[in-house]
Amino acid sequence: MFDVHLSLVDLRRLCDAQQEMQGHISLAKLPGSCSYMQSDAGAAWVWLKFQRSHDSHLVITGQINADGLQMVCQRCLNLVTLPLKTTVNLIVLGPQQQIDQLSVEYDPWVISGKRMKLIELIDHELMLNLPIIAVHPNCEIQTKYGDRKQQIDSNANPFGRLAQLLPKN
Ligand SMILES: [Zn+2]
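Residues numbered from 1 in each chain as written. Predicted model: local features only at pLDDT ≥ 70, side-chain atom pairs only at ≥ 80, totals over all residues.

1. Some words on the overall build of the chain
Consideration 1: Per the secondary structure count, the chain includes five helices and seven strands.
Consideration 2: Scanning the chain from its N terminus toward the C terminus, one meets helices and strands in the order β-α-β-α-β-β-β-β-β-α-α-α.
Consideration 3: When each of the 169 residues of the chain is scored for burial, the buried share is 20%.
Consideration 4: Considering only contacts in the chain between residues 6 or more positions apart, those separated by 24 or more positions represent 61%. (Helix = DSSP H or I, 4+ residues; strand = E, 2+ residues; numbered from the N terminus. Buried ≥ 20, exposed ≤ 12 C-beta atoms within 10 Å, placed from the backbone. Contact = placed C-beta atoms within 7 Å.)

Written out as structure tokens, the structure is:
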């Protein structure tokens, strides 16, 4: 379980030892992400790898696979339960370090001290990758006029009508 690692960790030590961690975490433990969701149901599997970059910066890579995120579908306004896969690719910076000198292959993660809570990192990464607009994969809007078929037809070829207006050579 990831709960073992929820206390403050020494990143330098983890990176020097090239540690790896994995485990499950309940989404209810991630308050930032939950503030964008309809409930704190669901869980995530987290895998993190700690190492040094070639220029000896602290680097954290890994994967967060969440399942059971509950959001509101922006098409039908009903609840939608979504999975979310996120790749972690972070370079750890102190508050004084410049971002522009760093390799573009990593996202900057600024911390104030040597130690941090991994749960904050997990929460932050998940929050950044939440869908801005959540929709059901095959959302069917039920309008009172029953015009769903018409909507699908006009979506099928948005340029269909435009083509009729263009001069033909
Ligand atoms: Zn929907």
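2. Re the nonpolar core
Consideration 1: Of all hydrophobic cores here, the largest spans 26 residues; its most connected members are Ala44, Ile64 and Ile122.
Consideration 2: Of all the secondary structure elements, the ones that give two or more residues to this core are α1 (11–16), β3 (43–52), β4 (58–72), β5 (79–93) and α3 (118–128).
Consideration 3: In terms of residues, this core owes the most to one element, β4, which gives six residues.
Consideration 4: Contacts of alanine 44, omitting those with residues within four sequence positions, involve Ile25, Leu27, Ile64, Asn65, Ala66 and Leu126. (Core = buried A, V, L, I, M, F, W, Y, C linked by C-beta atoms within 7 Å.)

3. Examining the pairing of β4
Consideration 1: The pairing of β3 with β4 spans ten bridges and is antiparallel. When the bridges of β4 are listed, alanine 44 appears paired with alanine 66.
Consideration 2: Count of turn residues in the β3/β4 antiparallel hairpin: five residues, of which serine 56 carries a positive phi of about 65°.
Consideration 3: Here 13 bridges tie β4 to β5, and the two strands are oriented antiparallel to one another. (Pairing = 2+ DSSP bridges.)

4. Examining the sheet that holds β3
Each strand in a sheet pairs with another by means of backbone hydrogen bonds, the pair being arranged parallel or else antiparallel.
Consideration 1: Strand order in this open sheet of five strands is β2-β3-β4-β5-β6, and the pairing throughout is mixed. Each edge of the open sheet is held by one strand with a lone partner, namely β2 (20–26) and β6 (107–110). On average, each strand axis in the sheet is tilted by 35° relative to the strand beside it, whichever way the strands run. (Axes fitted to C-alpha atoms, helices over the stretch in contact; angles between N-to-C directions.)

5. Quick word on the confidence of the model for the chain
Consideration 1: Looking at the chain, pLDDT values average 82 and 76% of them are 70 or higher.
Consideration 2: By mean pLDDT, helix α4 (residues 148–156) is the weakest element of the chain at 49, and β4 is the strongest at 96.
Consideration 3: Across residues 149–154 the pLDDT falls below 50, and counting only partners more than four positions away or on other chains, this stretch makes zero contacts in the model. (pLDDT = per-residue confidence, 0-100.)

6. Topic: the environment of leucine 11
Consideration 1: Residue placement: leucine 11 occurs in helix α1.
Consideration 2: The buried category is assigned to leucine 11, around which 22 C-beta atoms lie within 10 Å.
Consideration 3: Note: C-alpha distance between leucine 11 and arginine 115 (104 residues apart in sequence) is 6.0 Å.

7. Quick notes on unusual backbone geometry
Consideration 1: With a phi angle near 50°, glutamine 18 is a residue other than glycine that sits in the positive phi range.
Consideration 2: Inspection of the secondary structure assignment puts glutamine 18 in the loop between α1 and β2.

8. With respect to the environment of lysine 114
Consideration 1: Position of lysine 114 relative to the elements: it lies in the loop between β6 and β7 (115–117).
Consideration 2: Each C-alpha atom, one on lysine 114 and one on valine 9, is 8.4 Å from the other, the two residues being 105 residues apart in sequence.
Consideration 3: Once residues within four sequence positions are removed from consideration, lysine 114 is found in contact with Asp10, Leu11 and Arg12.

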